[in-house]
Each structure stands twice: as C-alpha cells, then as structure tokens.
2 protein chains.
Amino acid sequence: MDRRQRKTREAIFNAFTKLLSKKDFNRITVGEIIDGADVGRATFYAHFETKDYLLKEFCEELFCHIFDAENDSGHGHRHIFDCDSSKSVFLHLFQHLKKNDNNILNLLSSPNNELFLGYFGNNLEALVESHLSLFESAKEKELPPGFWKNHIVSTFTETLKWWVRNGMKESAEVITEYFLKVV
Amino acid sequence: MDRRQRKTREAIFNAFTKLLSKKDFNRITVGEIIDGADVGRATFYAHFETKDYLLKEFCEELFCHIFDAENDSGHGHRHIFDCDSSKSVFLHLFQHLKKNDNNILNLLSSPNNELFLGYFGNNLEALVESHLSLFESAKEKELPPGFWKNHIVSTFTETLKWWVRNGMKESAEVITEYFLKVV
DNA sequence: TCGTTACCGAACACAGTGTTCAATTACATT
DNA sequence: AATGTAATTGAACACTGTGTTCGGTAACGA
C-alpha cells in the first residue's frame, strides 16, 4: 500500500476518532472529517464510498483488536476457565471495553448508532456462538436457539449501554455479575 | 380546533403512516409527506416544527391507544390476575401489538429508529414501574433497581423486535412465555 | 530517471431542510 | 349573510450537506 494512502487513511481515522469523542456519528459531516484530517474532499471519497463505509472499516479495525484478542486469550486459557469459561469471556470483554482504547464507548452510548450496534452485535454473536456452554440452558428452558442467542447478545449490549450511561462506576467484575445474574 | 387544521393534520398523519409501511423513517422526506398529504410545504411546518416532532406526536397518539388501554384493562382486572398480573399485562401488550393497527411494528423492525424506540421505551418503563411485583426478585438477586428495570424494558423490546424480524409466526401467548422465561 | 498513482482544490449538480410572504380561501361568529 | 380572523397556498429563497468531476501537481516505487 502506498505510503500516501496509509497516511491519509490514518489521518482520516484520527480525525474521525477525535470527532466521535465530541459528537454523535450522525452529526459528523464529511466536511468536518476532511478539515480535521486536512485532506481534500475528493481524497476522502477516493478512500471511502460514504461516511457509513468509513464507520464500517473503522469498526472492523476496532473489533479486530477487541474480539480477536478475546478469542485468542479465550483459547489460550480455555483449560483454566473450563468450568465457567463463559464467565471469563464476558469479564474479559467488559474489562477490555473499560479501557476505552478507542471511542467505542462513545459510539455505544450515543443515540442513532444502529450501524455501529449492528457491527458490534455481529461480532458479539459470533463470540457467543463459539461458547456453547450457554446454549445448554436454552434446551432446558425450551426456547428457540435463535431467540436465546439474540437474548444473550442484546442483554450484553444493553448491560454495556446501561453501564456507560451511568458513568461506569461499577467495576468490570460487578457488571459481569449483574450480566450473568439476569442471563 | 379549526376543521382545516384537523383535516391537514390527519392528512399528514395518513400520508406518514402510508410512507412508514414502505420505508424507514429516516428515508422519508418532508417532500414525500406533503406530496402524499397534498398540502403545502409551509403548511407542514406550521403544524410540525420538524419531521422528528411529527414522529413524536404520531407516537403519542399511537401509545395513547396502546398503553393507556393496557393500563385501564390492567386496573380493571387486577383482582382477577392478582397472582401473576405481570403475565397478563405483557400478554395483553403482545396481543395488542400483533393487531398492528397502525404501523408500530414497521417502526420497530426498521433500523435507525432510535427516536421511536426511545418513546416506546419510556411508555413501557412507566408500565413496568407500575407493576412492582417484578421488582421483588430484584432484591433477591441484589441488583440495582435501575439496572433491573432497564433489563426488563430492553428485553421486552428485543423480544418484540425478534418476533417481528422472524415474521411473527408465534402466537402472543408463546412469545409471552419466552419473554417471561428469560426474564 | 521515469512512469504511475495519489492528492489537491475548486467547482459543480443535486437533494433535502426550514423560512418567508403576499394572495387566497375556509372558517366561526354575530 | 356579512365580516374579521386564521389556515392554507405556492413559489421563491438561503442554507447545509452529499457525492462527482477534472486538470494540474507532487510524491511514490521500481
């Protein structure tokens, strides 16, 4: 990849990140992004088809850091947390999110973020799916598996939103407890 | 209220309803609404400050029919369903929603509907709050009451969305069962 | 060094929003 | 039925934001 491409791409991502910490995604304009990144308008559209695609690629990079790391560490320690690996997975996820490397939490707490929540949900669903232990109880309760999976994912997301909305006063451990109690 | 006002207001609501069955709220333009309602642009803005306020007032009328009726019937039969009034309330709500009088379900299933979900959630929260029986278990589980209430509301909404998304094949009774099982 | 490629920037067409205003029409009241 | 009031019209307007175009410039990789 051309060095120039890398630079502008990074500049756009940086400007985008900075803007995300200030305002909702939907209120951010392309004009603001290219001003912040100091690139031409045409350059932006040479890199990203629309603003939505920028978010999409932004999320992919973001989730790559979060969910892939989660999957890896999960695999690595699976034998340790075998008895309740699900607990460790979600705890790690909450801990990771609390670090707030990028502005993932701003995205989560802001309204009008269906796009982002969609991407987040997809990744989370894949993670949930790989932890079959939780699905055992689905059969006990005689629920459709799709319903049960959806419930876990949306409960996690809602828990996260609640946590952020209330200032993240609780520790990741406590939130994980709450989450597991209601699930 | 002037007859002309009532007529245009109704015409706008009708056009809005018709459009909602075809496309997402955010994709609907003021131009389309006034074309459908056959009113002047200035007239629209004389009635509604913005498109968002149109949705707001639309929701208020809609929820008036649903939640108020629910509260009334709830009060009326409270002594009958005393032992598990919560069950009856949510069942009635699901039944009512399945009728789909207006396009409430289209609004629910479409993306980018944070505004609508917000109004819906507020009404639902008030309803949940008035049924204290559910909160008993919150203390047992030692969860923050705000967390617990939020969980019930969002689980109901997510259940509803799941139901709609999957074609509403299940009966209201079955969905109520699912809902109560996971809660 | 040289051909390629990204970037610039300014202009452009387009769509949608919300406002303004004078002219018109329907309304409620007497 | 007459009258003053108030809603509606329609067309124009300024404004913001989107996405495209294109010739010129400069950085890049080989």
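Basis of the calculations
- Residues numbered from 1 in each chain as written.
- Chains lettered and ligands numbered in written order.
- Predicted model: local features only at pLDDT ≥ 70, side-chain atom pairs only at ≥ 80, totals over all residues.
- Heavy atoms only, no water.
- Core = buried A, V, L, I, M, F, W, Y, C linked by side-chain atoms within 4.5 Å.
- Buried < 20%, exposed > 50% of the residue type's maximum accessible area, 1.4 Å probe, protein only.
- Contact = heavy atoms within 4.5 Å.
- Near = heavy atom within 4 Å.
- Polar contact = N/O pair within 3.5 Å; in protein donor to acceptor, adjacent residues only side chain to side chain.
- Helix = DSSP H or I, 4+ residues; strand = E, 2+ residues; numbered from the N terminus.
- Nonpolar A, V, L, I, M, F, W, Y, C, P; charged D, E, K, R; others polar.
- Buried area = accessible area lost by both parts, 1.4 Å probe.
- Salt bridge = Lys/Arg side-chain N within 4 Å of Asp/Glu carboxyl O.
- 1 Å grid on protein atoms, 1.4 Å probe; cavity = no way out; pocket = protein on both sides within 12 Å on 5 of 7 lines; lining within 4 Å.
- Points joined across faces, edges and corners; volume = space filled by probe spheres on them.

Details of the nonpolar core
Right, so step 1: Residues Phe156(A) and Phe156(B) are the most contacted members of the largest nonpolar core, which totals 113 residues.
Right, so step 2: Beyond its immediate stretch of four places on either side in the chain, Phe156(A) contacts Phe90(A), Leu93(A), Phe94(A), Leu97(A), Phe120(A), Leu124(A) and Phe179(A).

Topic: the protein's contact with DNA strand D
Right, so step 1: Arg4(B), Thr8(B), Gly40(B), Thr43(B) and His47(B) are the nearest of the 19 residues found near DNA strand D.
Right, so step 2: Sugar and phosphate atoms constitute 68% of the interface atoms of DNA strand D, taking the interface as everything within 4 Å of the protein.
Right, so step 3: Between DNA strand D and Thr43(B) there is a distance of 2.7 Å, counted from a phosphate oxygen to a side-chain nitrogen or oxygen.
Right, so step 4: Contact distances for DNA strand D include 3.0 Å between a phosphate oxygen and a side-chain N or O atom of His47(B).
Right, so step 5: At the level of secondary structure, the elements contributing two or more residues to the surface near DNA strand D comprise α1 (3-20) and α3 (41-47) of chain A together with α1 (3-20) and α3 (41-47) of chain B.
Right, so step 6: By residue class, the composition of the surface near DNA strand D is 5 nonpolar, 7 polar and 7 charged.

Quick look at the interface of chain A and chain B
Right, so step 1: The interface of chain A with chain B comprises 23 residues on the first partner and 23 residues on the second.
Right, so step 2: With both sides pooled, the region where chain A packs onto chain B buries about 2100 Å², and carbon together with sulfur makes up 62% of that total.
Right, so step 3: Broken down residue by residue, the surface that chain A buries against chain B is led by Glu114(A), Phe147(A) and Val182(A), which jointly contribute 29%.
Right, so step 4: The interface formed by chain A and chain B includes 0 salt bridges.

So, the layout of surface pockets
By rolling a water-sized probe across the atoms, one finds the places where empty space is left.
Right, so step 1: The space that makes up the largest pocket amounts to roughly 1200 Å³.
Right, so step 2: Lining the largest pocket are 41 residues, and of these Leu117(A), Glu158(A), Lys161(A), Glu158(B) and Lys161(B) sit closest to its centre.
Right, so step 3: Listing elements by their share of the lining of the largest pocket, those giving two or more residues are α6 (104-109), α7 (114-129) and α9 (145-165) of chain A together with α6 (104-109), α7 (114-129) and α9 (145-165) of chain B.
Right, so step 4: Sort the elements by how many residues they give to the lining of the largest pocket and α9(A) lands first, with 10 residues.
Right, so step 5: By volume, the second largest pocket amounts to about 460 Å³.
Right, so step 6: Lining the second largest pocket are 18 residues, and of these Asn26(A), Asn26(B), Arg27(B), Pro111(B) and Asn112(B) sit closest to its centre.
Right, so step 7: Contributing elements (two or more residues each) for the lining of the second largest pocket: α7 of chain A together with α4 (51-76) and α7 of chain B.
Right, so step 8: Among the residues making up the lining of the second largest pocket, the classes are represented as 5 nonpolar, 6 polar and 7 charged.

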